[in-house]
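# Structural features, examined
Below, each chain spelled out in residue letters.
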Amino acid sequence: MIRLPSIVLIDDKKEDLDLIQTCLVNAGYPCFPIHYQNNEPGNVSGIDHVNLEMVHPRIIITDLNLQELQVDARKLVAPIADVLEKIAIEGPYLLYFWSKNTGTVREVMELIEQRYSQIPYPLHWGILDKTQFSSRPSDLKEKIISLFSDNPTFNALFGWENRISSAAQATTDALFKLAQPLTQTTISAFQNETTQKLNTMLAVIGNETLGVKNAKDEPEVAIELGLEPVLHNHIRSNYEHIDCSIWLDASNGIGTKLLSSSYQDVKAYLNSFYHIEQLHPGAPKNKRGTWIEFDRNYLEQDSNLPKIESNLGRTIKTLLNEEFLDCSQGTKATRRIAHESTKLGFIELSAECNQAQRKTKLNRYFLSAMIPKEHENFTFFRNKKDDTAHAGVYRLPNVIVNGCEFIVKVSFLYQVGAIPSFNKWLGNPIFRLKEQILADISFKASQHAARPGIIRFD
């Protein structure tokens, strides 16, 4: 989908809208102007006539008095709220009011906070005084250039976002350059030869990335994964051109050892950001790295418990105690709560090459558990000297799943081969591990399976 410029302008007066648009364009910033219109019954927000699915603004500049009402914050706030509810995004954005009534803006923002909690809040908001800038467009141009740096965190992230877009364009340009004819030719011949060569190159990239069979089934995945290494090279080539002060101003404590309290507050969120992708219940269960909950309906039927024990060699309670929880501590009540709160499941760890070439007959699953953070004291063993029961258990960094922090462990001792569509043990997919940690778990699992052993007499 084509995304329109990240700067959106909104005003009910065409001449005021044109003025600020001209200043932005002259400054070199592409923007998307929206002429506010509420004279039709169906246009409730005043911007319903615009295809807003194409708009993902990082900067919103809007007139404060969109309906030429009296200068009363209680009357001004509703039209502003309707616009923001329609256009504001969940990500970081800046909000500026283009207005002559600068003294009313703060009260409007306070009313938005009190009455419209469903509207995503801006990372920063400010004022552009119409009275000051209308007669001096050159001053407005200078002010607009400085808007992005008003919030250093936004400035750094928005700059990074734009550099990634530039790197993607550089990747496309480089591929296009490779496909161009080496000698001067006619326009028609240039178009035909370049297009044909591009088509062949994209097919080769996709086939080499995922294999011919997979590329045929998922060409979008094959080609875009194949372009990623070149994209990363273009991203890295930009590092030397970045002003280091931008990131220094945006990051609190970079280059110094952070206080343990501030680090503890964010580390589980960052682990989730880097290592897992949350899934919906209908997501595939056969994808490598998918964590699937042990079907609760199956577990809760007493008649199924002997079947589980016969296949795994242990009861569920014994499995939890031997692999994931140290129940030699706490009271009977706290141990029971820890058991009941722990989610038992499976993680798919079939060989990567087999999955890539669609050669997997039985998917390979390892037993796993998600333990809520509040029961962390049961996840340590031998007087808290070890965080796993034995060397065959892998402990992931704490992650956030559905808003709750969990300790996730994987046991390499219990492996199940299954066809996902037929197996009754496999419930809903919860999350999928990303490549970096998935590679580490796969390596540790292989390392554990291949560990040497000897007979010795000490």
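Residues numbered from 1 in each chain as written. Predicted model: local features only at pLDDT ≥ 70, side-chain atom pairs only at ≥ 80, totals over all residues. Heavy atoms only, no water.

Scanning the protein chain from N- to C-terminus turns up 17 helices and 13 strands. Relative to the globule expectation of 23 Å for 458 residues, the C-alpha radius of gyration of the protein chain, 29 Å, shows a markedly less compact shape. With respect to the three principal axes, the spread of C-alpha positions in the protein chain is 95 × 70 × 50 Å. For the protein chain, the residues scored as buried account for 38% of the 458 residues in total. Restricting the contact set of the protein chain to residue pairs at least 6 apart, pairs at least 24 apart contribute 71%. For the protein chain, the exposed surface amounts to about 26400 Å²; the carbon and sulfur share of it is 53%. Distance from the positive charge centre (49 side chains) to the negative charge centre (54 side chains) of the protein chain: 9 Å. (Helix = DSSP H or I, 4+ residues; strand = E, 2+ residues; numbered from the N terminus. Rg over C-alpha atoms; globule rule 2.2 N^0.38 Å. Buried < 20%, exposed > 50% of the residue type's maximum accessible area, 1.4 Å probe, protein only. Contact = heavy atoms within 4.5 Å. Areas by Shrake-Rupley, 256 points an atom, 1.4 Å probe, with all protein chains shown as cover. Lys, Arg positive; Asp, Glu negative; His and termini not counted. Charge placed at Lys NZ, Arg CZ, Asp CG, Glu CD.)

Scanning the model with the defined rule gives 17 salt bridges in all. Asp16 is paired through a salt bridge with Lys130; the nearest N and O atoms lie 2.9 Å apart. Separated by 114 residues along the polypeptide, Asp16 in helix α1 (residues 14-26) and Lys130 in helix α4 (residues 130-133) bring together distant segments of the chain. You'll find Asp16 and Lys130 in the same group, each marked buried. Arg74 serves as the salt-bridge partner of Asp72, at 3.4 Å between the closest nitrogen and oxygen. Three or more residues are tied together by salt bridges with common partners; here these are Asp11, Asp16, Asp63 and Lys130. (Salt bridge = Lys/Arg side-chain N within 4 Å of Asp/Glu carboxyl O.)

Below, the discussion takes up the sheet that holds strand β5 (residues 124-129). Taken together, the 5 strands give an open sheet; going across it, the order is β2-β1-β3-β4-β5, and neighbouring strands pair in parallel fashion. Bordering the open sheet on either side are β2 (31-35) and β5, each of which pairs with just one other strand. Here the average twist between neighbouring strands, direction ignored, is 20 degrees. In the sheet, strand β4 (residues 94-99) pairs with β5 via 6 bridges, with the strands oriented parallel. The residue of β5 that forms the bridge with Ser99 is Asp129. In the packing of helix α2 (residues 73-87) onto the sheet, contacts are made with β1 (7-11), β2, β3 (59-63) and β4, and the angle to β3 comes to roughly 155 degrees. (Pairing = 2+ DSSP bridges. Axes fitted to C-alpha atoms, helices over the stretch in contact; angles between N-to-C directions.)

A few words on the layout of surface pockets. Approximately 1100 Å³ is the volume attributed to the largest pocket. The wall of the largest pocket is formed by 23 residues, among which Leu157, Trp160, Leu270, Phe273 and Tyr274 lie closest to the centre. Of all elements in the fold, only α6 (152-179), α9 (219-236) and α11 (260-275) reach the threshold of two or more residues within the lining of the largest pocket. In terms of residues, the lining of the largest pocket owes the most to one element, α11, which gives 7 residues. A breakdown of the residues in the lining of the largest pocket according to their chemical character gives 16 nonpolar, 4 polar and 3 charged. (1 Å grid on protein atoms, 1.4 Å probe; cavity = no way out; pocket = protein on both sides within 12 Å on 5 of 7 lines; lining within 4 Å. Points joined across faces, edges and corners; volume = space filled by probe spheres on them. Nonpolar A, V, L, I, M, F, W, Y, C, P; charged D, E, K, R; others polar.)

Topologically, Ser442 is positioned in helix α17 (residues 435-449). Among the residues examined, Ser442 registers a relative accessible area of 15% and is labelled buried.

Ranked by internal contacts, the top residues of the largest apolar core, which has 32 residues, are Ile10, Ile34, Ile47, Leu84, Ile87 and Ile112. Listing elements by their share of this core, those giving two or more residues are β1, β2, α2, β4 and α3 (105-115). Looking at this core element by element, the count peaks at 8 residues for α2. Leaving out residues up to four positions away in the same chain, Ile87 has contacts with Val8, Ile10, Ile34, Ile47, Leu52, Val55, Pro57 and Ile60. Counting residues in hydrophobic clusters, the runner-up holds 25 residues, among them Leu320, Leu325, Tyr365 and Trp425. (Core = buried A, V, L, I, M, F, W, Y, C linked by side-chain atoms within 4.5 Å.)

Attention shifts here to the packing of aromatic side chains. Considering all chains together, one arrives at 10 aromatic pairs under this definition. Ring geometry for Phe154 against Phe158: centres 5.2 Å apart, planes inclined by 20 degrees, an arrangement best described as stacked. Of this pair, Phe154 and Phe158 both sit in helix α6, separated by 4 residues, roughly a single helical turn. Residue class for Phe154 comes out buried when judged on its relative accessible area of 2%. With a centroid separation of 5.3 Å and 90 degrees between ring planes, the pair formed by Phe273 and Tyr274 is classed as edge-to-face. When sorted by exposure, Phe273 lands in the same class as Tyr274, which is exposed. Positioned above the aromatic ring of Phe380, the side-chain terminus of Arg395 is 4.8 Å from the ring centre. (Phe/Tyr/Trp six-rings, centres within 6.5 Å; stacked < 30°, edge-to-face > 60°. Lys NZ or Arg CZ within 6 Å of the ring centre and 35° of its normal.)

Relative to the 26 Å expected for 18 residues at 1.5 Å per residue, α9 spans 27 Å between its end C-alpha atoms, a close match to the ideal helical length. In the structure, α9 departs most strongly from a straight axis at Glu228, where the bend amounts to approximately 35 degrees and where the proline Pro229 lies between one and four residues downstream. Looking at α9, one finds that the buried residues are Ala222, Gly226 and Ile235. (Expected span 1.5 Å × (residues − 1). Bend = angle between axes of the 7 residues up to and from the residue.)

Its identity is not glycine, yet Asn383 carries a phi of approximately 60 degrees, on the positive side. Relative to the elements of secondary structure, Asn383 occurs in the loop between β9 (363-372) and β10 (393-395). A residue is classified by how much of its surface remains accessible, and Asn383, at 73% relative accessible area, is exposed. Unusually for a residue other than glycine, Lys384 sits at a positive phi of about 65 degrees.

Axis separation between α2 and α3 bottoms out at 9 Å; the angle between their running directions is 65 degrees. In this structure, the crossing between α2 and α3 has a hand that is right-handed. Here Ala73, Arg74, Leu76, Val77, Ile80 and Leu84 of α2 come into contact with α3, specifically with Glu107, Val108, Leu111, Ile112 and Arg115. Per-class residue counts for the contact of α2 with α3 are 8 nonpolar, no polar and 3 charged. (Left-handed = near helix turned anticlockwise from the far one by under 90°.)

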